[in-house]
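Structure assessment
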Amino acid sequence: MAGHSKFANIKHRKEKNDSARGRIFTRLGRELAMAVKHGGGGDPVANGRLRDAIAKAKAENMPNDTIERSIKKAAGNIDQVNFESVTYEGYGPAGVAVIVKVLTDNRNRAAANVRNAFTKGNGNMGTPGCVSFMFDEVGQIMVETDCGTDEESLMLLTADAGADDFIVQDGGYEILTSPENFSAVREVLEAQGVPMVSAEITMLPQTYATLSTPEELKHMNKMLDLLDDEDDVQNVYHNWEA
């Protein structure tokens, strides 16, 4: 799940229990399958979308043999990969903007479950485009400070590869790119052996909202927990400054 806390949020995600990790791997498996079907087959050398999906899976510590099985399964049953990508938008408590991206084989089920999460979180689903204008689609790569490369060298390396911004944070670096340059920057880091904490195309809010009461916090966390429990949900983006 995307959020404003960056490294703390990623660390929390990686420390989830086995059940939650299983759900993450299920979602990553679907992304790999979609990359095989719509990116040009199961060969990552020829399929840039698949290379990006593999890098994301590795950053989430998905085992290599699990990644390979997912790719082979999708390549062998490419006509049966029938997941549909759907985006839902709406508002959480106190007007927090929320975007939910799903990959599902049952649009009606996904819509009902997402709507239920919004409702129980004291929010409401909106119409397409109602909040997406408040976000920017960017490539985001997170690298820890002790990555084996000094800050200046890493900044120059990513800038030369096409990165738009290099942000120093507590614990590491946030590298931002356009969606078009994301793969090039990620592949340069990979070629140089720089370990990435995460690497994905994401939605970053242009402004952030705060929640001021315990009730608002309870409802927002309820919504996010319900969405996190749904296998159909791939990513949730919001502008809550947690």
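Just above sits the structure.
Residues numbered from 1 in each chain as written. Predicted model: local features only at pLDDT ≥ 70, side-chain atom pairs only at ≥ 80, totals over all residues. Heavy atoms only, no water.

**So, the overall build of the protein**
- A tally of regular secondary structure across the protein gives eight helices and eight strands.
- Rg of the C-alpha trace for the protein: 18 Å, near the compact-globule value of 18 Å for 242 residues, within the 12% margin.
- With the C-alpha coordinates aligned to their principal axes, the bounding extent of the protein is approximately 45 × 45 × 35 Å.
- The proportion of buried residues among the 242 residues of the protein is 47%.
- The contacts of the protein with a sequence gap of at least 6 include a subset with a gap of at least 24, amounting to 69%.
- If the 25 positive side-chain charges of the protein are averaged to one point and the 37 negative ones to another, these points end up 9 Å apart. (Helix = DSSP H or I, 4+ residues; strand = E, 2+ residues; numbered from the N terminus. Rg over C-alpha atoms; globule rule 2.2 N^0.38 Å. Buried < 20%, exposed > 50% of the residue type's maximum accessible area, 1.4 Å probe, protein only. Contact = heavy atoms within 4.5 Å. Lys, Arg positive; Asp, Glu negative; His and termini not counted. Charge placed at Lys NZ, Arg CZ, Asp CG, Glu CD.)

**Details of the nonpolar core**
- Judged by nonpolar contacts, the single largest core of 21 residues is most densely connected at Tyr88, Val98, Val100, Val102, Val114 and Leu227.
- For this core, the leading source of residues is helix α8 (residues 214–228), giving five residues.
- Formed by 17 residues, the second largest nonpolar core is a distinct cluster that contains Val36, Ala53, Ala57 and Ala74. (Core = buried A, V, L, I, M, F, W, Y, C linked by side-chain atoms within 4.5 Å.)

**Examining the sheet that holds strand β1 (residues 84–91)**
- In spatial order, the strands read β3-β1-β2-β8; together these four strands make up an open sheet with antiparallel pairing. Strands with a single pairing partner mark the edges of an open sheet, and in this sheet they are β3 (124–125) and β8 (233–238).
- Relative to strand β2 (residues 97–104), β1 is paired through eight bridges, and the arrangement is antiparallel. Note that in β2 the partner of Thr87 across the bridge is Lys101.
- Across the face of the sheet, α8 comes into contact with β1, β2 and β8 while running at roughly 155° to β8. (Pairing = 2+ DSSP bridges. Axes fitted to C-alpha atoms, helices over the stretch in contact; angles between N-to-C directions.)

**Some remarks on unusual backbone geometry**
- Of note in the backbone geometry, Asn61 takes a positive phi value of approximately 65° without being a glycine.
- Tracing the backbone shows Asn61 in the loop between α3 (48–59) and α4 (64–76).
- Although it is not a glycine, Asn122 adopts a positive phi angle of roughly 60°.
- Secondary-structure assignment places Asn122 in the loop between α5 (107–120) and β3.

**Quick word on the layout of surface pockets**
- Considered as a void within the structure, the largest pocket measures approximately 630 Å³ in volume.
- Lining the largest pocket are 21 residues, with Glu31, Arg49, Lys56, Ile201 and Asn235 sitting closest to its centre.
- For the lining of the largest pocket, the secondary structure elements donating two or more residues are α2 (18–39), α3, β2, β7 (198–205) and β8.
- The leading source of residues in the lining of the largest pocket is β7, at five residues.
- Classifying every residue of the lining of the largest pocket gives 10 nonpolar, four polar and seven charged. (1 Å grid on protein atoms, 1.4 Å probe; cavity = no way out; pocket = protein on both sides within 12 Å on 5 of 7 lines; lining within 4 Å. Points joined across faces, edges and corners; volume = space filled by probe spheres on them. Nonpolar A, V, L, I, M, F, W, Y, C, P; charged D, E, K, R; others polar.)

**Details of the pairing of strand β6 (residues 172–177)**
- Burial of β6 is extensive: six of the six residues sit out of reach of the surface.
- The sheet contact formed by strand β5 (residues 165–169) and β6 spans five bridges and is antiparallel. Directly across from Gln169, in β6, lies its bridge partner Gly172.
- Where β5 folds back onto β6 in an antiparallel hairpin, the turn is made up of two residues, including Gly171, whose phi is positive at roughly 105°.

**Topic: the sheet that holds strand β4 (residues 135–144)**
- The four strands are arranged β5-β6-β4-β7 in an open sheet whose pairing can be described as antiparallel. A strand with exactly one partner marks an edge of an open sheet, and here the two such strands are β5 and β7. Each strand axis lies, on average, 30° off the axis of its neighbour in the sheet, ignoring direction.
- For β4 and β6, the ladder comprises six bridges, and the chain directions are antiparallel. Bridge pairing links Ile141 to Ile175 in β6.
- Along the sheet, helix α6 (residues 151–161) contacts β4, β5 and β6; its crossing angle with β5, the most-contacted strand, is approximately 155°.

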